[in-house]
Structures are given as C-alpha cells and as structure tokens.
Amino acid sequence: MKPSIHRPTKLIIDSSAISHNLMQVRDHLPAKTKAFAVVKANAYGHGVLEVARELAEEVDGFCVSNMDEALELRLAGFEHPILVLGVVPVQVIPQAVQASISLTVSSLEWLVLAGETGLDLEDLALHIKVDTGMGRLGFRDFSSIEQALSLMEEAGARFEGIFTHFATADQVDQTQFQGQLANFREILGQLAVLPPLVHASNSATSIWHGETVFNMVRLGNVLYGLNPSGRELNLPYPIQPALSLTSELVQVKQLSAGASVGYGETYHSPSEEWIGTVPIGYADGLTRSMQGFSVLVDGQPCEIVGRVSMDQITIRLPQSYPLGTLVTLIGQDGDQHITVQDWADYRQTINYEIVCLLSDRIPRYYQES
Ligand SMILES: *Cc1c(COP(=O)(O)O)cnc(C)c1O
C-alpha cells in the first residue's frame, strides 16, 4: 500500500531529534560502549530506512526483529552489523550467511533442527540469548548453553555474542531486575571464553542502569524521544520526541441542539455547536477508543465527539474555522502540547504501541530542526 499523499494527514519526523537522543544516551555511557539502534517495526513507526540513514554514521550496528527487516537494511546498502533479535526459521540461515546477518540462538532445539535440515552453519554469526527471567526467548540453564556452543563449534558457526533482556528495567522496584542481572553474570562467569559482544541493555536499562552495560547496548524507544517507563520514572537527561502528527479540517458545519454525530449516534450536541471533520481514523492508528480525547486547533484542545470512523474523526470546535485549518494530533500548537504519552495514557497502553500502530497510510515527512 502506498501512503496517501493527497490527504492533509501527515507524520513529520524530526531526524535531528533522533541523532540528538542517541548522543544524549551515549554521553552517559562508557565511551567504548557499542550502540546498536533497534529499528524493528519500521523503526517504531518512524520509517526504518530514513532513521537508519540518519544514524548510519553514529551507530555500530542495527537490531531488527526478523529476517525481512534485516534484509531490507542490507538491500538498501547498509553495511553495518545487523542482529536479528527474534527466532528465524532455520531455512533462512544460508541467506543470513550470505548477507552477513547475525542471528539469535535461543534454544538447543533450533540448532539441532538446523543440523537435521542439513544446513551449513559455516561462518554464521550467532548470539546466544539467555533467558534470565523474562520467560520468553532464550536458554535458561548453563548446560544447554554449553551444548549449544559445542554444536556451534562443530558446525563452524561464529560465537559472536551473548545477551539477555530485562523484564522490569523501566520500573521503580528493582527486585526482578537485580535477580536477572545476577543470573546473567553467573552464566557469563561459567563461560570459558566470552564472545566479542556481551549485551543486556535496552533503552530503559541504558538510561536507569548505566552500570549494567557490558560492551554493547540495544537502543530502541529512547532514540525516538519516548520515555520507556511511560510516566513511572523521570529521565535523568532531556530527550526530544521525534514525531508529530497533523492534519487539516476538511469540513466545518454548525449543528443544531440535539443533532447526532457519527455511527451509533453516540453523541448529541447539547446546544448549537460547530463540528469539524478531520481525515484520520482507526485505519491510521487513531483507534476507536480515542473517542473523547482531544486534538489541537488554533492552540485550543477540541474534543473528539462521536465515534472514530475508519477514515475520519469529528471534533467539537469553539467557533467556525476555514477549510484547511491546521489540526495537531501529536505535537505543539501555541502553548498546548499533545504527546504520544498522552495518547498512551488515554488508551491505557504504552507509548511503544501508539507509534507502532500509526499505519503506513500516513505519509512520513522528514525534517531537520
Ligand atoms: C525491542 C527490543 C529492544 C529495544 O527495546 P527498547 O525498550 O525500545 O529500547 C532491545 N532488546 C530486545 C531483545 C528487543 O526485543
């Protein structure tokens, strides 16, 4: 699907904010720390190739979640190390070798399956994933890691990295975090040799547990100017949100008292009032649960009234405005500001989900501030 460019709804992405955020985090980590930018899911909705281009000179590599995301970067010409964090089908191993894409091994079964499938692992770069308490991907005990390492060695695969992922690095209570960290340290202590890359830090860990950097970090959310904890923890240094979302009024009408608005007539105007229509809806990622939330027009919050449709919302205006009047859905207008976090709070979710769900129908435009 092509983005709908003949519609005033657009995402404006401040590329320099992304570089700035990377610099901020790096400035607070040991200088030799390798920084990999996590650009999975279309760089959290910000546009993978544009974000990768912006960061190309400043990062040591990229992390993605699957093979197709990795190949997209390679095909676009990026020569950086690329690590796939998720589990890939063993059938893609030859492509990974050919394109120098590093893969994650998260179980012994996966390596055995690769062997049984008759795949050549020679020169395949692998990172062992350790499940220190997340309960999702990874090895949970040292003996299976040892077996995996010997299978890898026999097959000629390269032991490039070992890593883990924390479940609660963005929370005040550190009990789980410290347990996971101790687990990881214990596993590392049992290894005869450490691989070149040892990593445990996502954004939250990099921000609030700077002492936990081994020699590489995997930075996602923070690059985009979002606080990985939502509102739970304050950031120790400022970062800049990279994304804003705007549209325009495409219709403005006066409704008489008692008139109904939208599917299911969930809203009736209490008195005579101005209603504006904005061309964005749930197909763009502005979900139906956002009925009752506000957008900005002329520096003022205007409530979304009536149901959110697939392609449109209706908002209550304080007065009539001309067609083409700017509507700010995320960003600043006058002294008012709506953030991705405000959307997340209203939808009772996390900022990650908000940006990932902004659909490809909305064109992304890039500017340097
Ligand atoms: C997505 C992901 C990251 C990045 O997390 P952020 O919180 O966005 O920094 C790091 N590591 C793994 C394993 C991931 O899946």
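Located above this text is the structure these notes cover.
**A closer look at the packing of aromatic side chains**
Logical step 1: Enumeration according to the criterion identifies seven aromatic pairs in this entry.
Logical step 2: Both rings, one in F166 and one in F177, keep their centres 4.1 Å apart while their planes meet at 35 degrees; by these two values the pair is tilted. Here F177 lies in helix α8 (residues 175–190) and F166 lies in the loop between β7 (158–164) and α8, a separation of eleven residues in the sequence. Both residues of the pair, F166 and F177, count as buried.
Logical step 3: Where F293 meets Y346, the ring centres are 5.1 Å apart and the plane angle is 50 degrees; that geometry is what we call tilted. One end of the pair, F293, is in the loop between β14 (273–278) and β15 (294–297); the other, Y346, is in helix α10 (residues 340–346), with 53 residues separating them in the sequence.
Logical step 4: Under the relative-accessibility criterion, F293 is labelled buried at 10%.

**A word on unusual backbone geometry**
Logical step 1: A positive phi angle, near 50 degrees, is found at A41, a position not held by glycine.
Logical step 2: In this structure, A41 sits in helix α2 (residues 40–44).
Logical step 3: By relative accessible area, A41 is classed as partly exposed at 36%.
Logical step 4: In the Ramachandran plot, D123 falls in the positive-phi region, its phi being about 70 degrees despite a non-glycine side chain.
Logical step 5: With respect to the secondary-structure elements, D123 resides in the loop between α6 (108–116) and β6 (125–130).

**Some words on the pairing of β6**
Logical step 1: Judged by how many residues are buried, β6 sits mostly within the fold: six of six residues are covered.
Logical step 2: The two faces of β6 match: A125, H127 and K129 on one face and L126, I128 and V130 on the other face are all buried.
Logical step 3: Here strand β5 (residues 101–105) runs beside β6; their pairing, made up of three bridges, is parallel. Looking across to β6, one finds that T104 is bridged to H127.
Logical step 4: Considered for its hand, the β-α-β crossover made up of β5, α6 and β6 is right-handed.
Logical step 5: Pairing of β6 with β7, which is carried by six bridges, proceeds in the parallel orientation. Considered in β7, the bridge of K129 is made with F163.

**Focus on the sheet that holds strand β11 (residues 251–255)**
Logical step 1: Taken in spatial order, the three strands line up as β11-β14-β17 in an open sheet, and their pairing is antiparallel. The open sheet has two edge strands with one neighbour each: β11 and β17 (313–317). The average undirected angle you get between the axes of adjacent strands in this sheet is 30 degrees.
Logical step 2: Across five bridges, β14 lies against β17 in antiparallel orientation.

**Brief notes about the pattern of salt bridges**
Logical step 1: In total, this model carries nine salt bridges according to the counting rule given.
Logical step 2: Salt-bridge contacts for D131 lead to R140; the nearest nitrogen and oxygen are separated by 2.7 Å.
Logical step 3: On the accessibility criterion, D131 (7% relative accessible area) is buried.
Logical step 4: Among the residues examined, R140 registers a relative accessible area of 57% and is labelled exposed.
Logical step 5: As a salt-bridge pair, R158 and E160 come within 3.7 Å of each other at their nearest N and O atoms.
Logical step 6: Owing to a relative accessible area of 44%, R158 belongs among the partly exposed residues under this scheme.
Logical step 7: Connected through shared salt-bridge partners, R7, D284, D311 and R361 make up one network.

Rules of the game
Residues numbered from 1 in each chain as written. Predicted model: local features only at pLDDT ≥ 70, side-chain atom pairs only at ≥ 80, totals over all residues. Heavy atoms only, no water. Phe/Tyr/Trp six-rings, centres within 6.5 Å; stacked < 30°, edge-to-face > 60°. Helix = DSSP H or I, 4+ residues; strand = E, 2+ residues; numbered from the N terminus. Buried < 20%, exposed > 50% of the residue type's maximum accessible area, 1.4 Å probe, protein only. Pairing = 2+ DSSP bridges. Right-handed = clockwise from strand over helix to strand, strands pointing away. Axes fitted to C-alpha atoms, helices over the stretch in contact; angles between N-to-C directions. Salt bridge = Lys/Arg side-chain N within 4 Å of Asp/Glu carboxyl O.

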